[in-house]
Amino acid sequence: MEATVFISHGSRSEQGNKVFVSFIEKVISTGEITNAAYGFLENAQPAIFEAVESCILKGASSVTVVPVLLLPGIHANVDIPEELEKVRKKYPKIKIFYGEPLGVNETILEIVLDRLKEQGFSGRDLEAVLLVGHGSRDPLAAAEFEKLAARVREEVPSKVDTGYITTQPFYGEKLMESDSSEKVYVLPFLLYTGGFTAKMEETINSILIQDPKREIVLCEPVGFEERLGELLMQRVDEARAKVKL
């Protein structure tokens, strides 16, 4: 029997984790999955080992694990595989297939452009876009994020820049350095709302207090958007086509 496990990073916000669970339960219910579970890397339960083991105990002979992460990085490339190694040691006869993160693709691009349009972005002169990523120690994450920025630039006539929450260049510095005559649309490239988006709102408000004439619009994050469900199922199919991790 094949099983599927979706792994999220996890949020310090209980509400954020509930949103993820609701999203994944809908993905599971609409897909052709008979044995499925979800787990978290940190901040919530069940943990990765528990989620995968629950499928094994239900009779799974192979488990496909898909990280519900936007970009590759330390979590996708190191942290989650390390947890799966613990499962492999306890259940050496179980085949484990590991999928790719959501990544940069047409679905993600569509959602990003929709988030901008929802806040009135039109691409007129003196409008700019600042895409804000979490930041990672893995340079591959930044490379993928820049690919997204390049795709957005192909679709809109406005200036498109990037900044990060936890690594340089920091988004707050990017905003301070931006042309004060531009209306800047700040788009959090994040799945979860909560602490990071609240902090971004505080940063923007602080800048506006210093310069009330500036226009800075905070867009909704990518979030657990319904269109991501189909993309996740594609990642499941791709992972099962791979050799054993």
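Attention here is on the structure that accompanies the text. (Residues numbered from 1 in each chain as written. Predicted model: local features only at pLDDT ≥ 70, side-chain atom pairs only at ≥ 80, totals over all residues. Heavy atoms only, no water.)

With respect to the packing of helix 4 (residues 106–118) against helix 5 (residues 139–155)
- For the pair helix 4 and helix 5, interaxial distance at closest approach is 11 Å and the crossing angle is 60 degrees. Here helix 4 lies oblique to helix 5, going by the angle between them. At the point where helix 4 passes helix 5, the crossing takes the right-handed sense. Facing E106, I108, L109, V112 and L113 of helix 4, the residues of helix 5 in contact are L148, R151, V152 and E155.
- Within the contact of helix 4 with helix 5, the residues separate by chemical class into 6 nonpolar, no polar and 3 charged. (Axes fitted to C-alpha atoms, helices over the stretch in contact; angles between N-to-C directions. Helix = DSSP H or I, 4+ residues; strand = E, 2+ residues; numbered from the N terminus. Parallel < 35°, antiparallel > 145°, perpendicular 65-115°, else oblique. Left-handed = near helix turned anticlockwise from the far one by under 90°. Contact = heavy atoms within 4.5 Å. Nonpolar A, V, L, I, M, F, W, Y, C, P; charged D, E, K, R; others polar.)

Observations regarding the sheet that holds strand 5 (residues 127–133)
- Spatial strand order, 6-5-7-8: 4 strands in an open sheet with parallel pairing. Of all the strands in the sheet, just strand 6 (159–164) and strand 8 (215–218) have a single pairing partner and so form its edges. Within the sheet, the average angular offset between the axes of one strand and its neighbour, ignoring direction, is 25 degrees.
- Taken together, the 6 bridges between strand 5 and strand 7 (residues 183–188) define a ladder with parallel strand orientation. (Pairing = 2+ DSSP bridges.)

Notes on helix 4
- The end-to-end C-alpha separation of helix 4 is 18 Å, in line with the 18 Å expected for 13 residues at 1.5 Å each.
- All of the buried residues along helix 4 are I108, L109, I111, V112, L113, R115 and L116.
- A distance of 3.2 Å separates the backbone nitrogen of T107 from a side-chain oxygen at the start of helix 4, and that oxygen is part of N105.
- Downstream of helix 4 by one or two residues, G120 has phi in the positive range, about 95 degrees. (Expected span 1.5 Å × (residues − 1). Buried < 20%, exposed > 50% of the residue type's maximum accessible area, 1.4 Å probe, protein only. Polar contact = N/O pair within 3.5 Å; in protein donor to acceptor, adjacent residues only side chain to side chain.)

Quick notes on unusual backbone geometry
- Backbone torsion omega between Q45 and P46 reads 5 degrees, so that peptide bond is classified as cis.
- Mapped onto the elements, P46 comes out in the loop between strand 2 (36–40) and helix 2 (48–57).
- Cis rather than trans, the peptide bond between Q168 and P169 has omega equal to -5 degrees.
- Locating P169 in the fold gives a position in the loop between strand 6 and helix 6 (171–177).
- The phi angle at N43 is positive, at roughly 75 degrees, despite the residue not being glycine.
- Mapped onto the secondary structure, N43 falls in the loop between strand 2 and helix 2.
- Among the residues examined, N43 registers a relative accessible area of 39% and is labelled partly exposed.
- Notably, L126 is not glycine yet its phi reads approximately 65 degrees, a positive angle.
- As for its placement among the helices and strands, L126 is situated in the loop between helix 4 and strand 5.

Interpretation in functional terms is not warranted from these geometric data alone.
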